[in-house]
Structure formats: structure tokens, C-alpha cells
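Survey of secondary and tertiary structure
The primary structure of each chain is shown beneath.
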Amino acid sequence: MYVSAFVKLLYWGVIGMENFQKYKRMYFMPPKVTYDWVKKDYIDKAPRWCSVDLRDGNQSLIEPMSLEEKLEFFNMLVKIGFKEIEVGFPAASETEYQFIRTLIEKNMIPNDVSIQVLTQAREHIIRKTFQAVKGAPHAVIHLYNSTSVAQREQVFGKSKDEIKQLAVNGAELLKEIAKEEKGNYSFQYSPESFPGTEVDYAVEVCNAVLDVWKPTKEEKAIINIPTTVENAMPHVFACQVEYIHKNLKYREAVTLCLHPHNDRGSGVSDAEFGILAGADRIEGTLFGNGERTGNLDIVTVAMNLYSHGVDPNLNFRNMPEIVENYERLTNMQVGMRQPYAGELVFTAFSGSHQDAISKGIKWRENKECEYWEVPYLPIDPMDVGRQYDSDVIRINSQSGKGGVAYILQKNFGISLPKQMKEAFGYTVKDVSDKAHRELTPEGIYKILEEKFIRNSHVFQIPECHFIQGEQMAADTTICHGGKIQCITAHGNGRLDAVSNAIKQYFDIDYDLDVYEEHSLTRGSSSKAVTYVGIKCHNKLYWGVGIENDIINSSIAALAVAVNQLEEIKNMKRSDGRMTEVLNYIQSNYKTVTLEKLSETFYLSKPYLSKYIKESTNSTFVDIVKQIRMDKAKSLLKGSGMTVENIAEQVGYENVEHFIRLFKKAYGITPVEFRNNIPKRMEQ
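Residues numbered from 1 in each chain as written. Predicted model: local features only at pLDDT ≥ 70, side-chain atom pairs only at ≥ 80, totals over all residues. Heavy atoms only, no water.

So, the overall build of the protein chain
Along its length, the protein chain carries 28 helices and 14 strands. Burial statistics for the protein chain: of 683 residues in total, 48% are counted as buried. Considering only residue pairs separated by 6 or more positions, the protein chain has 65% of its internal contacts joining residues 24 or more positions apart. A total accessible area of about 35100 Å² is found for the protein chain, and carbon and sulfur atoms account for 49% of it. (Helix = DSSP H or I, 4+ residues; strand = E, 2+ residues; numbered from the N terminus. Buried < 20%, exposed > 50% of the residue type's maximum accessible area, 1.4 Å probe, protein only. Contact = heavy atoms within 4.5 Å. Areas by Shrake-Rupley, 256 points an atom, 1.4 Å probe, with all protein chains shown as cover.)

Following this line, the structure appears as C-alpha cells:
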């Protein structure tokens, strides 16, 4: 065993990553490197933004958005404030073509918004692209071809001059067809796979394209530099951009645009350094969606500007709604730590952090501060639609309350009422203490299920029937102690009537103190979640109901809450938890161990041993042994198996050990038992 462990360590530590030797730096520094961009320490104005969610982001989805979803997403982008939106590759599929035509024919594009479409340098593709955008207020036709060394050599087998000529031919086609179509068009060119392209050659190709288009200040062209596969540190990219900025022809008539990807995790830095280096325009997506590791996250760059007192010209005041719509339409998720947008980015779980934030907010209120400067909060969360009480000052996770509530909400859609969080937090803490280990989300949900959803060990309510009169009448069927009885009671509503039936049956009294409900999932098949808190002797008892019908959900929650009352616990006929433990042992008698039982029921081994002994007057070992012996007797009587096979079948590898245990239990050996089958043992 120790040798094996050593070999594994040797593999991971010495052999595991030796393949680094097959890689090298693939980027090219400019012929002349300048660092003017380094002299700037902030961005003083927002760039032009272009969202590529509907093309670059959409093509990265496992299931691309439908026409209806894309239309809704487009409207959201317009509402946020994007004035330039890339809407697709119209020649790539009929869905993309139809989406663009729908936008135009339904007049969904505001006059101040430009749509952008992508095309290769092939005549029939370019012509279909122009057909797709015909009638748009303004369209940017985005032409591209790959220029990197790898693409030239491995994919196209063409020289630098031949690749440049492809770009020139495409630019001429665009210009020619645009004249025929007579629409409101602008042109954009991208040297695709730029990171693997010699910088001076990329500039040479871009300038050749610009010589065809001959842009003016009034009719600018866009040169777009993509980090198709990001391969350099961000300061290298900034130097490359600065070289392009200083060496492009028609510079005052050209919008220099960047399209950063995030393969090295530097998309935001590439964009910000690139703006300092001379870029005017940025392409990206909401929350960085895109192929492989994604694109630049426009939200982060825009909010970084905002945090420096610069107007980003985009509106993220209702960030939670934007996140919700984005996740619903794309089936992607925004990480809980995603800058500015994640669910926990403003949340302090540490007590000292909470205290500092609370005091900082109070200081700001008392001093009427002009500028935002609160500890641990780079911006005011309320500026993006978040709240101090629910998003910032949360219950400390170390107490087990806030963290547990978050896990339930995030993983299972369960949003506990404020008053219930504390009760459930203490329940989880108690289980964790006894198990002496961290609980998984599934384990936490199991605790909720056992104590607050399925806890009906005393009684159940299988059905109710209601009659509306001056008061609501409820015929409530109560199953208790092996008997079923129907109780009729009245109340102000259905739940009140059922509650009165329960009180009548058990002769108890309590108050319906808390009632909350929400939908667990979206859609017509969604389930209702109901939380009921009843107060008895100034103590709250909780129940949770999850059903397709809100009435059934409410009744289920009420029944569980009442099942918690001390007054009726004494009426319980059996220990439901111990029954589950014994059932588990019975089902797994061959392999069960105290450790496995401990893991299954989230109880520490010492506590579980004591619990079993007190509940059954037998030890765990004795219970397992008795089950195995009973099974052995059955096999000895009803099968022709050998004693050796029976020993193995009931969980004993050593047949002599099995024989000794059997003789100790019954006074005779297994063979003697089989030969005699004493009548007293058959009973």
C-alpha cells in the first residue's frame, strides 16, 4: 500500500506535467515596441460597445436559443443600452437568417441601434448576408479571414500574399455589392486568429483592406482585433494594440475595435489595457459567454468604469433581473462570485467584515458623504438592484444559518422564511456536530426532508374535502396509530378549517403564526412550496409542503408542523428514525458496518451505538449477527447450499468463524441444525 502511494506521488510530482516541454510562446511582439499606454492609470471614457451574445455567445450554447428566445434577448440588450449588436451569421443557417429578417420586418431595431452580421469572403455568402439585412436602419457587414502562421500553413496552405489577397478580394466584394444594394451599411474587417499572426503582417493586411474601402471621418470603417485564442499576457496584447493604433492607415477614419477571448483568463485585462493602448470599441458578451473559456465579460469592464466614476453608457441598475433572464434564455449560469453580478459578490460571511460594512454604511448616512467609500464594497450594491439586508449583511455562515439557507435556495429552489432559517440552522448544526463532518448540499436537503417535509411519524392526512358555506367546512381524514378517522371542522379558509380539525382530534391548541409560499420551478408543471409556522407555548414549530397543488402543499406543511409538537409526540407508536435504521441494517446485513451506517444517517459512530442500544436494548453487532443467523437458518432449511456457501452468503468469509457463532447462538452446529431441524427453531 505504501509503495503504491509513493508511486502515485512520484507520478503526480515528477511525471505528471512533463509535457510542458511541447509548448512554446506563440505570440509575436511588434517590430517596434512602445509603452505609451503604461503612462495612463485609468480609462476616462467608455468605449463603443458591441454585444456579440446573439452570435458568438449563442454558438457556444449546447442548445442554441430559439427564434423567440433570441428576440427576447435582443430586446434585453437594447434595454441595457447597447447601440451595436451582432445578430448572427445569416448565411450559416436558416434560423439565423430568419431571426434577422424578423427583427427588420417587425421594426424591432431602434433607429439609433446598428445590427452587425458576420460573413466570409465568398460571393454567394456575402450576397445572402446583404439580403438578410436589407431594410435595417443601419448594418455593419463584418468580413473576416484567418491570418495566423498555423492557419496559413496547416489549414489553407497559402502564402502571406495569398492570404492578404483573400482579404482584399472580400473587401472589394463587400464594396461592390453594397453599391448594388444601396442600403445604410458600414464595413468591418477582422484578421481572424490574430494572436498567432505577426503583428506587422496583420497591420499590412488591415491596411490593404482599408485601401479598398477608403474610409472617411463621415463614413468610418472598423478594424477588429480578436484574441481568437488568447496566448499572451495582457501587457503584450496592449503593446500589439498600440503598434496597430499607431500604424493603421486612415486612422482618424477607422474605429479600432477589440474582441478579446478569455483562454488565459485575461479577457477583461486585455480589453482595459487595449483601450489604454488606443482601442475605440469593444466586442464582448454579458458575463463572458462564448466558445471554449468564453469572451470578454462586458458587464465587468463597464462596471469597472462605473466604480471609477465614469459613465459606462450601459444600464445595469437591475442586475438580478438581467442575470435571471440571461440564465433562463441561455441555460448558462452566472457564478456566485462573478464580479458585480454573482449572488454572493457583496455578501460578507465573516463577522468582522459584516461589522465593518455596517459601520461604514452608518458613517455614510451620518456624514452625508459625497463619494462612496464603504469597507469591502467597491460599489453601492443598491446601484445594481441589490439590497443591504438580503445581499450584504447576512447571517454569519459560521453559525450555520446563512450558508445553509443559501445552499437550499441555490441548489434546490427552497427559500426558507426568515424566522425558519434560525430553526433549521440549529437543526443542521446539531446533525453536523454529531456526525463530526461537513454536510453536502444533498445531506442538508435530506435533513430538511426528514424533519420538516416528511416528518409524519405521529399522524398523516391522506385527504381532505371542502364545502363552502358561511364558513369553510373541511372533512379531514386523519391516519393515526393504525386507525383512520374523518373529522369535520369549520374555519375562515381551507387551511384554518383543517387546522381546527387537527386541534379537535388531538385536543390541542396552537396558533397559525407564519405562512409563506413560492413556486419551486418555472412552468405549468411547477410545484408549490409552502412554509407553515405554528406557535405553541411561545415556541415556533415548522413544516414544509412541496406538492403540485398549493392547497395540498399547505396541508402537508401544517401536518408536519403539528407533528413536531411535544403534546402529540407522546402519542407516537414507534421511533420512525430507528425503524429506518433497522430497515437499512436488514437490507444490507451482509456488508453493513457501523461506519457506513454513520455516513448514511449523518450520525457519529459513538452517538449511533448509544442510540441503537437505548432504542432496542441490543448492540449494533448483536443486531447484525442475529439477522445473519436468521438468514443462515432459512438457507439451511430451504436450500441445498453447502455450509461454506451459506457462510459467505450471509457475510462471513471464514466458515469456521461462522460455525462457532452459529453454535454459540443455537447450541448446535449448522450441519446438526439441518439434519434435525428442531421444531423450536422453526417457530
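From this point, the discussion proceeds with the structure in view.
Some points on the sheet that holds strand E14 (residues 539–547)
Judged by pairing direction, the sheet is antiparallel, and its three strands sit side by side in the order E12-E13-E14 without closing on themselves. Where the open sheet ends on each side, the last strands, each with one partner, are strand E12 (511–519) and E14. With direction set aside, neighbouring strand axes in the sheet form an average angle of 15°. Strand direction decides the pairing type here: E12 and strand E13 (residues 528–536), joined by eight bridges, are antiparallel. Residue Tyr515 lies in a different strand from E13, and its bridge partner there is Val532. (Pairing = 2+ DSSP bridges. Axes fitted to C-alpha atoms, helices over the stretch in contact; angles between N-to-C directions.)

Notes on the pairing of strand E3 (residues 114–119)
Summarising burial for E3: six of the six residues are buried, a large majority. Residues Ser114, Gln116 and Leu118 of E3 are buried on one face, and the alternating residues Ile115, Val117 and Thr119, pointing to the opposite face, are buried as well. Inspection of the sheet shows strand E2 (residues 84–88) paired to E3 by four bridges, in the parallel sense. Note that in E3 the partner of Glu84 across the bridge is Ser114. Read as a crossover between parallel neighbours, the route from E2 over helix H4 (residues 94–105) to E3 is right-handed. Strand direction decides the pairing type here: E3 and strand E4 (residues 139–146), joined by five bridges, are parallel. (Right-handed = clockwise from strand over helix to strand, strands pointing away.)

Details of the state of the cysteines
Here the structure, examined in full by the defined rule, presents zero disulfides. Of all cysteine sulfurs, the one in Cys464 lies closest to Cys486, which takes part in no disulfide; the gap is 8.5 Å. Of the residues examined, Cys486 reaches a relative accessible area of 49% and is grouped as partly exposed. (Disulfide = S-S within 2.5 Å.)

Re the environment of Asn304
Within the fold, Asn304 resides in helix H11 (residues 298–307). Considering only alpha carbons, one finds Asn304 and Pro339, 35 residues apart in sequence, at a separation of 9.4 Å.

Overview of the packing of aromatic side chains
Using the criterion set out here, one finds 15 aromatic pairs in the structure. Between Phe194 and Phe237, the ring centres sit 6.5 Å apart and the planes meet at 75°, which makes this aromatic pair edge-to-face. With Phe194 in the loop between strand E5 (185–192) and helix H8 (199–213) and Phe237 in helix H9 (residues 234–247), this residue pair connects regions lying 43 residues apart in the sequence. On the basis of an interplanar angle of 25° and a centroid distance of 6.2 Å, the ring pair of Tyr607 and Tyr611 is categorised as stacked. Of this pair, Tyr607 and Tyr611 both sit in helix H23 (residues 605–616), four residues apart, which is roughly one turn of that helix. On the accessibility criterion, Tyr607 (33% relative accessible area) is partly exposed. One aromatic cluster is present, formed by Tyr652, Phe658, Phe662, Tyr666 and Phe673 through successive ring pairs. Directly above the ring of Trp363 sits Lys367, whose terminal nitrogen or CZ lies 4.6 Å from the centroid. (Phe/Tyr/Trp six-rings, centres within 6.5 Å; stacked < 30°, edge-to-face > 60°. Lys NZ or Arg CZ within 6 Å of the ring centre and 35° of its normal.)

Quick word on helix H10 (residues 267–276)
Where H10 is concerned, the buried positions are Gly267, Asp270, Ala271, Gly274, Ile275 and Leu276. For H10, the elements touching its buried residues are strand E6 (221–227), H9, strand E7 (254–260), strand E8 (281–284) and H11. The positive-phi residue at the C-terminal boundary of H10 is Gly278, with phi of around 125°.

Quick notes on the confidence of the model for the protein chain
In this model, the protein chain carries a mean pLDDT of 87, and residues with pLDDT of at least 70 account for 89%. Ranking the elements of the protein chain by mean pLDDT puts helix H28 (residues 679–682) last, at 36, and H8 first, at 98. pLDDT under 50 marks residues 678–683. Its contacts with residues more than four places away, or in other chains, come to ten contacts. (pLDDT = per-residue confidence, 0-100.)

Describing the packing of helix H22 (residues 594–601) against H23
Here H22 crosses H23 at 95°, and the two axes come no closer than 9 Å. It follows that H22 is roughly perpendicular to H23 by the angle criterion. Touching Leu594, Glu595, Leu597 and Ser598 of H22 are Lys605, Leu608, Ser609 and Ile612, all from H23. (Parallel < 35°, antiparallel > 145°, perpendicular 65-115°, else oblique.)

Quick word on the pattern of salt bridges
All told, the structure shown has 23 salt bridges when counted by the stated rule. The salt bridge involving Asp211 is made with Lys249; its shortest N-O contact spans 3.0 Å. Linking Asp211 in helix H8 with Lys249 in the loop between H9 and E7, this pair joins segments that are 38 residues apart in sequence. Asp280 serves as the salt-bridge partner of Arg251, at 3.1 Å between the closest nitrogen and oxygen. In this pair, Arg251 sits in the loop between H9 and E7 while Asp280 sits in the loop between H10 and E8, placing the two residues 29 residues apart along the sequence. (Salt bridge = Lys/Arg side-chain N within 4 Å of Asp/Glu carboxyl O.)

Digging into the packing of helix H5 (residues 123–133) against helix H7 (residues 160–181)
When two helices pack together, their arrangement is given by the angle between their axes and by how far apart the axes lie. Contact geometry for H5 and H7: axes closest at 10 Å, N-to-C directions at 40°. Our classification of the angle between H5 and H7 gives oblique. In this structure, H5 meets H7 at a crossing whose hand is right-handed. Residue-level contacts link Glu123, Ile126, Arg127 and Phe130 of H5 to Gly170, Leu173, Leu174, Ile177, Ala178, Glu180 and Glu181 of H7. Per-class residue counts for the contact of H5 with H7 are six nonpolar, one polar and four charged. (Left-handed = near helix turned anticlockwise from the far one by under 90°. Nonpolar A, V, L, I, M, F, W, Y, C, P; charged D, E, K, R; others polar.)

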